[in-house]
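The primary structure of each chain is shown beneath.
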Amino acid sequence: MSKHLFPITLLTLLWTLMLPLGATPRASLITCGQSGEFVFYLYGHTAIRITDPETGLDKAYNYGYFSLEQKNFIPNFMIGKPMYMLGVTDFDSMVYDYAAQGRRVSEQQLNLRPDEVQALMDFLDWNALPENAEYRYNYFYDNCATRPRDLIERFTKGGLVYRVDPASLPTFREATRQCSKSAKWYTFGTDLCLGVKSDTRMTVHDAAFVPELLEQSMDLAFRKDTGEPIVSRKEEIVPQTQLIEVPRFDGPLVTILALVAIYLICYFVVRRYTPIPWQVLRCGLYLLLGLAGIVLWFLSLFSAHPHTLLNANMVLMHPFWLILVGTMWRELRHRRLNSLLYLINLLLALVYLGLGYVQTLPIGMAYLAILIGLDQFIGRYVEWGGTGKVFEEHK
(Lines give C-alpha, C1' and ligand atoms only; values in the text may rest on other atoms or scores of the structure.)
Protein backbone atom coordinates (compact mmCIF):
# COMPACT_ATOMS: atom_id res chain seq x y z
CA MET A 1 0.00 0.00 0.00
CA SER A 2 1.20 3.48 -0.70
CA LYS A 3 2.13 5.77 2.13
CA HIS A 4 1.62 9.06 0.32
CA LEU A 5 -1.13 10.41 -1.90
CA PHE A 6 0.32 11.31 -5.28
CA PRO A 7 -1.42 13.90 -7.45
CA ILE A 8 -3.48 12.68 -10.38
CA THR A 9 -3.44 15.12 -13.26
CA LEU A 10 -6.46 15.62 -15.46
CA LEU A 11 -4.16 16.38 -18.38
CA THR A 12 -2.67 12.87 -18.36
CA LEU A 13 -6.07 11.23 -18.13
CA LEU A 14 -7.59 13.34 -20.90
CA TRP A 15 -4.63 12.60 -23.15
CA THR A 16 -5.08 8.88 -22.48
CA LEU A 17 -8.77 9.02 -23.34
CA MET A 18 -7.93 10.76 -26.62
CA LEU A 19 -5.36 8.10 -27.47
CA PRO A 20 -7.02 4.69 -28.10
CA LEU A 21 -4.99 1.55 -27.69
CA GLY A 22 -3.28 -0.11 -30.64
CA ALA A 23 -3.87 -3.61 -31.97
CA THR A 24 -1.88 -5.43 -29.28
CA PRO A 25 -2.61 -3.87 -25.87
CA ARG A 26 -1.84 -5.89 -22.77
CA ALA A 27 -3.16 -5.90 -19.22
CA SER A 28 -1.25 -7.39 -16.31
CA LEU A 29 -1.74 -8.01 -12.62
CA ILE A 30 1.22 -6.68 -10.65
CA THR A 31 2.04 -8.13 -7.22
CA CYS A 32 4.55 -6.44 -4.93
CA GLY A 33 6.34 -8.00 -1.98
CA GLN A 34 6.60 -7.06 1.67
CA SER A 35 8.63 -4.45 3.50
CA GLY A 36 9.24 -4.00 7.21
CA GLU A 37 9.52 -0.20 6.94
CA PHE A 38 5.85 0.32 7.80
CA VAL A 39 3.31 -2.10 9.23
CA PHE A 40 0.96 -1.75 6.27
CA TYR A 41 3.83 -2.69 3.92
CA LEU A 42 3.83 -6.17 5.48
CA TYR A 43 0.80 -7.17 3.43
CA GLY A 44 2.33 -6.51 0.03
CA HIS A 45 0.51 -4.69 -2.72
CA THR A 46 -1.38 -5.18 -5.99
CA ALA A 47 -1.78 -3.00 -9.09
CA ILE A 48 -2.99 -3.27 -12.68
CA ARG A 49 -0.61 -2.52 -15.56
CA ILE A 50 -1.80 -1.46 -19.01
CA THR A 51 0.77 -1.45 -21.81
CA ASP A 52 0.62 -0.77 -25.54
CA PRO A 53 3.80 -1.21 -27.61
CA GLU A 54 2.35 0.74 -30.53
CA THR A 55 1.70 3.93 -28.57
CA GLY A 56 4.34 3.50 -25.87
CA LEU A 57 1.69 3.56 -23.14
CA ASP A 58 2.78 1.93 -19.87
CA LYS A 59 0.73 2.81 -16.78
CA ALA A 60 0.10 1.35 -13.34
CA TYR A 61 -3.31 1.72 -11.65
CA ASN A 62 -3.09 1.55 -7.89
CA TYR A 63 -6.03 1.35 -5.46
CA GLY A 64 -3.81 1.78 -2.40
CA TYR A 65 -3.43 5.55 -2.23
CA PHE A 66 -4.39 7.40 0.94
CA SER A 67 -3.38 10.47 2.88
CA LEU A 68 -2.70 10.66 6.59
CA GLU A 69 -3.63 14.35 6.31
CA GLN A 70 -7.16 13.36 5.37
CA LYS A 71 -9.65 14.64 7.93
CA ASN A 72 -10.32 12.07 10.68
CA PHE A 73 -8.31 9.41 8.82
CA ILE A 74 -7.06 7.59 11.95
CA PRO A 75 -10.48 7.51 13.73
CA ASN A 76 -12.14 6.43 10.48
CA PHE A 77 -9.56 3.70 10.00
CA MET A 78 -10.23 2.41 13.51
CA ILE A 79 -13.97 2.12 12.89
CA GLY A 80 -13.55 0.61 9.44
CA LYS A 81 -14.46 3.67 7.37
CA PRO A 82 -11.21 5.04 5.89
CA MET A 83 -11.25 6.60 2.44
CA TYR A 84 -8.72 5.34 -0.10
CA MET A 85 -8.44 6.19 -3.76
CA LEU A 86 -7.26 5.01 -7.15
CA GLY A 87 -4.08 6.60 -8.43
CA VAL A 88 -2.26 6.37 -11.77
CA THR A 89 1.49 6.48 -12.26
CA ASP A 90 4.11 5.57 -14.84
CA PHE A 91 4.94 1.87 -14.45
CA ASP A 92 8.71 2.39 -14.54
CA SER A 93 8.41 4.88 -11.67
CA MET A 94 6.44 2.33 -9.64
CA VAL A 95 9.05 -0.37 -10.27
CA TYR A 96 11.83 2.02 -9.28
CA ASP A 97 10.12 2.83 -5.96
CA TYR A 98 9.57 -0.81 -5.03
CA ALA A 99 13.05 -1.87 -6.15
CA ALA A 100 14.52 0.88 -3.95
CA GLN A 101 12.60 -0.61 -1.00
CA GLY A 102 13.93 -4.10 -1.77
CA ARG A 103 10.46 -5.43 -2.56
CA ARG A 104 9.80 -7.89 -5.35
CA VAL A 105 7.62 -6.95 -8.32
CA SER A 106 5.94 -9.82 -10.14
CA GLU A 107 3.87 -9.53 -13.34
CA GLN A 108 1.10 -11.86 -14.49
CA GLN A 109 0.19 -10.97 -18.06
CA LEU A 110 -3.54 -11.51 -18.50
CA ASN A 111 -5.13 -13.43 -21.32
CA LEU A 112 -7.53 -10.65 -22.32
CA ARG A 113 -8.64 -9.67 -25.82
CA PRO A 114 -7.82 -6.16 -27.09
CA ASP A 115 -11.41 -5.00 -26.70
CA GLU A 116 -11.44 -6.26 -23.11
CA VAL A 117 -8.20 -4.43 -22.34
CA GLN A 118 -9.61 -1.24 -23.90
CA ALA A 119 -12.79 -1.52 -21.81
CA LEU A 120 -10.74 -2.15 -18.67
CA MET A 121 -8.53 0.88 -19.29
CA ASP A 122 -11.50 3.11 -20.10
CA PHE A 123 -13.08 2.21 -16.78
CA LEU A 124 -9.83 2.71 -14.85
CA ASP A 125 -9.29 6.14 -16.41
CA TRP A 126 -12.86 7.12 -15.51
CA ASN A 127 -12.41 5.73 -11.99
CA ALA A 128 -9.18 7.70 -11.55
CA LEU A 129 -10.86 11.06 -12.15
CA PRO A 130 -10.82 13.11 -8.92
CA GLU A 131 -14.61 12.99 -8.54
CA ASN A 132 -14.62 9.17 -8.87
CA ALA A 133 -11.32 8.08 -7.32
CA GLU A 134 -12.26 7.72 -3.65
CA TYR A 135 -13.77 4.60 -2.15
CA ARG A 136 -14.43 3.28 1.35
CA TYR A 137 -11.64 0.86 2.14
CA ASN A 138 -12.33 -2.40 3.95
CA TYR A 139 -9.38 -4.48 5.11
CA PHE A 140 -10.87 -7.88 4.19
CA TYR A 141 -13.46 -7.23 1.50
CA ASP A 142 -12.65 -4.07 -0.44
CA ASN A 143 -8.98 -3.16 -0.66
CA CYS A 144 -6.13 -2.59 -3.11
CA ALA A 145 -6.07 -6.30 -4.06
CA THR A 146 -9.77 -7.18 -4.20
CA ARG A 147 -10.60 -4.26 -6.52
CA PRO A 148 -8.19 -5.36 -9.29
CA ARG A 149 -9.55 -8.91 -8.92
CA ASP A 150 -13.12 -7.64 -9.32
CA LEU A 151 -12.19 -5.68 -12.45
CA ILE A 152 -10.42 -8.62 -14.07
CA GLU A 153 -13.51 -10.75 -13.50
CA ARG A 154 -15.79 -7.98 -14.75
CA PHE A 155 -13.97 -7.32 -18.01
CA THR A 156 -13.22 -10.93 -18.83
CA LYS A 157 -16.28 -11.79 -20.89
CA GLY A 158 -17.83 -14.89 -19.34
CA GLY A 159 -15.90 -14.49 -16.10
CA LEU A 160 -13.35 -16.73 -14.40
CA VAL A 161 -13.30 -20.11 -12.72
CA TYR A 162 -10.71 -20.81 -10.00
CA ARG A 163 -9.33 -24.33 -9.67
CA VAL A 164 -8.18 -23.96 -6.10
CA ASP A 165 -8.64 -26.60 -3.43
CA PRO A 166 -10.80 -24.91 -0.74
CA ALA A 167 -9.15 -27.05 1.96
CA SER A 168 -5.79 -25.45 1.13
CA LEU A 169 -6.98 -21.97 2.03
CA PRO A 170 -6.25 -20.49 5.49
CA THR A 171 -8.63 -18.70 7.81
CA PHE A 172 -8.79 -14.91 7.83
CA ARG A 173 -6.82 -14.87 11.08
CA GLU A 174 -4.16 -17.27 9.81
CA ALA A 175 -3.63 -15.18 6.66
CA THR A 176 -3.35 -11.99 8.70
CA ARG A 177 -0.92 -13.58 11.16
CA GLN A 178 1.23 -14.90 8.33
CA CYS A 179 1.56 -11.44 6.79
CA SER A 180 2.36 -9.59 10.03
CA LYS A 181 4.33 -12.29 11.86
CA SER A 182 7.46 -10.12 11.99
CA ALA A 183 5.55 -7.45 13.97
CA LYS A 184 4.59 -9.46 17.08
CA TRP A 185 2.86 -6.69 19.02
CA TYR A 186 0.91 -5.56 15.96
CA THR A 187 -0.20 -9.16 15.38
CA PHE A 188 -1.20 -9.43 19.04
CA GLY A 189 -3.27 -6.23 18.86
CA THR A 190 -4.94 -7.35 15.64
CA ASP A 191 -5.78 -10.70 17.24
CA LEU A 192 -7.41 -8.91 20.16
CA CYS A 193 -9.67 -6.89 17.86
CA LEU A 194 -10.71 -9.69 15.49
CA GLY A 195 -13.65 -11.82 16.54
CA VAL A 196 -14.81 -15.36 15.90
CA LYS A 197 -15.67 -14.69 12.24
CA SER A 198 -11.95 -14.37 11.50
CA ASP A 199 -11.50 -18.06 12.31
CA THR A 200 -13.66 -19.21 9.40
CA ARG A 201 -11.87 -20.70 6.41
CA MET A 202 -11.73 -18.33 3.47
CA THR A 203 -13.15 -18.90 0.01
CA VAL A 204 -11.05 -18.13 -3.06
CA HIS A 205 -12.77 -14.75 -3.29
CA ASP A 206 -12.11 -13.99 0.39
CA ALA A 207 -8.41 -14.85 0.06
CA ALA A 208 -7.90 -12.13 -2.55
CA PHE A 209 -7.50 -9.51 0.18
CA VAL A 210 -3.88 -10.72 0.50
CA PRO A 211 -1.93 -9.80 -2.67
CA GLU A 212 0.21 -12.95 -2.54
CA LEU A 213 -2.86 -15.20 -2.24
CA LEU A 214 -4.52 -13.33 -5.10
CA GLU A 215 -1.44 -13.95 -7.20
CA GLN A 216 -1.59 -17.67 -6.42
CA SER A 217 -5.30 -17.91 -7.22
CA MET A 218 -4.79 -16.15 -10.57
CA ASP A 219 -2.17 -18.77 -11.46
CA LEU A 220 -4.97 -21.33 -11.17
CA ALA A 221 -7.76 -19.30 -12.80
CA PHE A 222 -9.28 -19.97 -16.22
CA ARG A 223 -11.60 -18.17 -18.60
CA LYS A 224 -15.09 -19.65 -18.54
CA ASP A 225 -15.70 -18.97 -22.22
CA THR A 226 -12.57 -20.61 -23.66
CA GLY A 227 -11.16 -22.68 -20.79
CA GLU A 228 -7.77 -20.99 -21.27
CA PRO A 229 -5.64 -19.89 -18.30
CA ILE A 230 -6.20 -16.23 -17.46
CA VAL A 231 -2.44 -15.81 -16.93
CA SER A 232 -0.66 -16.15 -20.25
CA ARG A 233 2.82 -15.28 -18.98
CA LYS A 234 4.43 -14.67 -15.61
CA GLU A 235 7.65 -12.82 -14.88
CA GLU A 236 9.49 -11.59 -11.82
CA ILE A 237 10.55 -8.08 -12.75
CA VAL A 238 12.32 -7.27 -9.47
CA PRO A 239 13.45 -9.90 -6.91
CA GLN A 240 12.77 -9.56 -3.20
CA THR A 241 15.98 -8.32 -1.57
CA GLN A 242 14.68 -7.00 1.75
CA LEU A 243 14.74 -9.68 4.41
CA ILE A 244 11.70 -9.64 6.69
CA GLU A 245 13.10 -10.80 10.02
CA VAL A 246 10.89 -12.61 12.51
CA PRO A 247 11.93 -12.04 16.17
CA ARG A 248 13.17 -15.18 17.90
CA PHE A 249 11.33 -14.39 21.09
CA ASP A 250 7.60 -13.85 21.30
CA GLY A 251 7.10 -10.38 22.82
CA PRO A 252 3.49 -10.68 24.04
CA LEU A 253 3.98 -14.19 25.46
CA VAL A 254 7.17 -13.22 27.32
CA THR A 255 5.48 -10.10 28.71
CA ILE A 256 2.42 -11.97 29.94
CA LEU A 257 4.49 -14.75 31.53
CA ALA A 258 6.62 -12.09 33.24
CA LEU A 259 3.43 -10.48 34.57
CA VAL A 260 2.29 -13.83 35.96
CA ALA A 261 5.68 -14.33 37.66
CA ILE A 262 5.67 -10.82 39.17
CA TYR A 263 2.14 -11.33 40.42
CA LEU A 264 3.02 -14.59 42.17
CA ILE A 265 6.13 -13.06 43.74
CA CYS A 266 4.11 -10.11 45.02
CA TYR A 267 1.45 -12.42 46.43
CA PHE A 268 3.74 -14.85 48.23
CA VAL A 269 6.47 -12.38 49.32
CA VAL A 270 5.62 -8.67 49.13
CA ARG A 271 2.03 -8.96 50.33
CA ARG A 272 3.16 -10.39 53.69
CA TYR A 273 4.99 -7.21 54.65
CA THR A 274 3.01 -4.41 53.00
CA PRO A 275 -0.18 -4.55 50.96
CA ILE A 276 0.54 -1.36 48.96
CA PRO A 277 2.73 -2.81 46.13
CA TRP A 278 0.34 -5.76 45.97
CA GLN A 279 -2.65 -3.47 45.57
CA VAL A 280 -0.84 -1.25 43.06
CA LEU A 281 -0.08 -4.30 40.90
CA ARG A 282 -3.69 -5.43 40.98
CA CYS A 283 -4.94 -1.91 40.30
CA GLY A 284 -2.65 -1.65 37.27
CA LEU A 285 -3.93 -4.97 35.96
CA TYR A 286 -7.58 -3.91 36.34
CA LEU A 287 -6.87 -0.54 34.71
CA LEU A 288 -5.23 -2.23 31.72
CA LEU A 289 -8.12 -4.66 31.31
CA GLY A 290 -10.70 -1.88 31.62
CA LEU A 291 -9.07 0.40 29.04
CA ALA A 292 -8.60 -2.50 26.62
CA GLY A 293 -12.24 -3.38 27.20
CA ILE A 294 -13.37 0.11 26.23
CA VAL A 295 -11.50 -0.21 22.91
CA LEU A 296 -12.87 -3.69 22.17
CA TRP A 297 -16.44 -2.82 23.06
CA PHE A 298 -16.25 0.41 21.06
CA LEU A 299 -15.01 -1.47 17.98
CA SER A 300 -17.69 -4.11 18.40
CA LEU A 301 -20.55 -1.62 18.75
CA PHE A 302 -19.49 1.15 16.38
CA SER A 303 -17.01 -0.27 13.85
CA ALA A 304 -18.19 -0.96 10.31
CA HIS A 305 -15.77 -3.87 10.16
CA PRO A 306 -17.78 -7.13 10.19
CA HIS A 307 -15.03 -9.09 11.99
CA THR A 308 -14.96 -7.13 15.26
CA LEU A 309 -18.35 -8.32 16.47
CA LEU A 310 -18.76 -11.48 18.60
CA ASN A 311 -15.26 -11.28 20.01
CA ALA A 312 -14.34 -13.65 22.86
CA ASN A 313 -11.78 -11.14 24.15
CA MET A 314 -14.70 -8.88 25.16
CA VAL A 315 -15.57 -11.45 27.84
CA LEU A 316 -12.23 -11.05 29.58
CA MET A 317 -11.68 -7.37 28.84
CA HIS A 318 -14.59 -5.07 29.63
CA PRO A 319 -15.09 -1.51 30.98
CA PHE A 320 -16.47 -2.76 34.33
CA TRP A 321 -12.94 -3.52 35.50
CA LEU A 322 -12.63 0.23 36.06
CA ILE A 323 -15.16 -0.04 38.88
CA LEU A 324 -12.73 -2.26 40.81
CA VAL A 325 -9.93 0.25 40.18
CA GLY A 326 -11.82 2.69 42.42
CA THR A 327 -13.49 0.39 44.93
CA MET A 328 -10.62 -2.00 45.71
CA TRP A 329 -8.93 0.67 47.87
CA ARG A 330 -11.96 0.76 50.17
CA GLU A 331 -12.83 -2.91 50.37
CA LEU A 332 -14.71 -2.67 53.66
CA ARG A 333 -17.01 0.06 52.35
CA HIS A 334 -17.67 -1.76 49.05
CA ARG A 335 -17.52 -5.28 50.38
CA ARG A 336 -20.69 -6.64 48.76
CA LEU A 337 -20.09 -4.97 45.40
CA ASN A 338 -16.47 -6.12 45.20
CA SER A 339 -17.36 -9.63 46.31
CA LEU A 340 -19.89 -9.83 43.48
CA LEU A 341 -17.44 -8.40 40.93
CA TYR A 342 -14.73 -10.87 41.98
CA LEU A 343 -17.13 -13.76 41.50
CA ILE A 344 -18.38 -12.53 38.11
CA ASN A 345 -14.87 -11.93 36.80
CA LEU A 346 -13.75 -15.34 38.02
CA LEU A 347 -16.58 -16.97 36.09
CA LEU A 348 -15.88 -14.84 33.03
CA ALA A 349 -12.22 -15.92 33.07
CA LEU A 350 -13.32 -19.55 33.05
CA VAL A 351 -15.81 -18.86 30.24
CA TYR A 352 -13.06 -17.12 28.26
CA LEU A 353 -10.82 -20.16 28.49
CA GLY A 354 -13.70 -22.28 27.24
CA LEU A 355 -14.25 -19.93 24.30
CA GLY A 356 -10.72 -20.78 23.20
CA TYR A 357 -12.28 -23.86 21.58
CA VAL A 358 -14.47 -21.59 19.43
CA GLN A 359 -12.17 -18.65 18.69
CA THR A 360 -8.39 -18.57 18.41
CA LEU A 361 -7.11 -16.58 21.39
CA PRO A 362 -4.19 -14.16 21.03
CA ILE A 363 -0.90 -15.71 22.04
CA GLY A 364 -0.40 -15.69 25.79
CA MET A 365 -3.97 -14.68 26.61
CA ALA A 366 -4.80 -18.09 28.08
CA TYR A 367 -2.06 -17.52 30.68
CA LEU A 368 -3.42 -14.05 31.40
CA ALA A 369 -6.92 -15.48 31.84
CA ILE A 370 -5.58 -18.02 34.36
CA LEU A 371 -3.82 -15.21 36.24
CA ILE A 372 -7.02 -13.12 36.29
CA GLY A 373 -9.05 -16.09 37.49
CA LEU A 374 -6.51 -16.73 40.24
CA ASP A 375 -6.53 -13.07 41.26
CA GLN A 376 -10.31 -12.92 41.44
CA PHE A 377 -10.41 -16.16 43.42
CA ILE A 378 -7.87 -14.69 45.86
CA GLY A 379 -9.84 -11.46 46.06
CA ARG A 380 -13.07 -13.23 46.98
CA TYR A 381 -12.07 -16.35 48.92
CA VAL A 382 -8.55 -15.77 50.27
CA GLU A 383 -8.16 -12.07 50.96
CA TRP A 384 -11.65 -11.80 52.37
CA GLY A 385 -12.14 -15.25 53.75
CA GLY A 386 -15.73 -14.17 54.16
CA THR A 387 -14.87 -11.64 56.88
CA GLY A 388 -12.56 -9.01 55.43
CA LYS A 389 -9.96 -9.59 58.20
CA VAL A 390 -6.93 -9.04 55.95
CA PHE A 391 -7.88 -5.49 55.11
CA GLU A 392 -8.86 -4.70 58.71
CA GLU A 393 -5.38 -5.69 59.84
CA HIS A 394 -3.73 -3.27 57.44
CA LYS A 395 -5.97 -0.24 58.05
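As shown above, the structure is provided for reference.
Now for a description of the structure that goes with this document. The model shown is predicted, which means the values in this text are computed figures rather than measured ones.

### Description of helix α6 (residues 172–180)
Owing to its 3.6 residues per turn, the α-helix aligns residues three or four sequence positions apart on the same side.
Link 1 in the chain: Among all positions of α6, only Phe172, Arg173, Ala175, Thr176, Cys179 and Ser180 are buried. All buried residues of α6 project into a common sector of 165° when viewed along the axis, lining one side.

### Concerning the side chain of Ser303
Link 1 in the chain: Relative to the helices and strands, Ser303 is located in the loop between α11 (275–302) and α12 (313–316).
Link 2 in the chain: Within the structure, the side chain of Ser303 is placed 3.0 Å from the backbone nitrogen of His305, a separation counted as a polar contact.

### A few points about the nonpolar core
Link 1 in the chain: In terms of nonpolar packing, the biggest core is built from 50 residues, with Ile50, Leu120, Met218 and Ile230 touching the most fellow members.
Link 2 in the chain: It is helix α4 (residues 114–127) that contributes the most residues to this core, 5 residues altogether.
Link 3 in the chain: With residues up to four places along the chain from it excluded, the contact list for Ile230 reads Gln109, Leu110, Asn111, Leu112, Ile152, Thr156, Leu160, Met218, Ala221, Phe222 and Arg223.
Link 4 in the chain: Core analysis: the second largest hydrophobic core is formed by 34 residues, Leu281, Tyr286, Val315 and Met317 among them.

### Things to note about the sheet that holds strand β1 (residues 26–32)
Link 1 in the chain: In spatial order, the strands read β6-β4-β3-β2-β1-β5-β9; together these 7 strands make up an open sheet with antiparallel pairing. The open sheet has two edge strands, β6 (134–136) and β9 (231–238), and neither has a second partner. Between one strand and the next, the sheet's axes are offset by a mean angle of 25°, whatever the strand orientation.
Link 2 in the chain: Here 5 bridges tie strand β2 (residues 45–52) to strand β3 (residues 57–65), and the two strands are oriented antiparallel to one another. When the sheet's bridge partners are listed, Arg49 is paired in β3 with Ala60.
Link 3 in the chain: Contacting β1, β2, β3, β4 (83–90), β5 (105–110) and β9, helix α3 (residues 91–100) runs over the sheet at an angle of about 110° to β4.

### A closer look at the pattern of salt bridges
Link 1 in the chain: The tally for this structure, following the rule as stated, stands at 19 salt bridges.
Link 2 in the chain: Between Arg223 and Glu116 there is a salt bridge; the shortest N-O distance is 2.9 Å. Of this pair, Arg223 sits in strand β8 (residues 221–223) while Glu116 sits in helix α4, and the two are 107 residues apart along the sequence.
Link 3 in the chain: You can call Arg223 buried: its relative accessible area is 2%.
Link 4 in the chain: Residue Glu116 is classed as buried on the basis of its relative accessible area of 1%.
Link 5 in the chain: With its nearest N and O atoms 2.7 Å apart, the salt bridge here joins Arg149 to Asp150.
Link 6 in the chain: Asp150 gets classed as partly exposed once you look at its relative accessible area, which sits at 34%.

### Some thoughts on a nonpolar patch on the surface
Link 1 in the chain: Together, Leu264, Ile265, Phe268, Val269, Tyr273 and Leu374 make up a nonpolar patch on the protein surface, roughly 620 Å² of accessible area in all.
Link 2 in the chain: When residues in the nonpolar patch are grouped by element, the largest group, 5 residues, is from helix α10 (residues 251–273).
Link 3 in the chain: Counting through the fold element by element, Tyr273 comes out in helix α10.
Link 4 in the chain: For Tyr273, a relative accessible area of 70% gives the class exposed.

Criteria and thresholds
Residues numbered from 1 in each chain as written. Predicted model: local features only at pLDDT ≥ 70, side-chain atom pairs only at ≥ 80, totals over all residues. Heavy atoms only, no water. Buried < 20%, exposed > 50% of the residue type's maximum accessible area, 1.4 Å probe, protein only. Helix = DSSP H or I, 4+ residues; strand = E, 2+ residues; numbered from the N terminus. Arc of directions from axis to C-beta. Polar contact = N/O pair within 3.5 Å; in protein donor to acceptor, adjacent residues only side chain to side chain. Core = buried A, V, L, I, M, F, W, Y, C linked by side-chain atoms within 4.5 Å. Contact = heavy atoms within 4.5 Å. Pairing = 2+ DSSP bridges. Axes fitted to C-alpha atoms, helices over the stretch in contact; angles between N-to-C directions. Salt bridge = Lys/Arg side-chain N within 4 Å of Asp/Glu carboxyl O. Patch = residues over 30% accessible without salt bridge, like charges linked within 9 Å, V, L, I, M, F, W, Y side chains within 5 Å. Areas by Shrake-Rupley, 256 points an atom, 1.4 Å probe, with all protein chains shown as cover.

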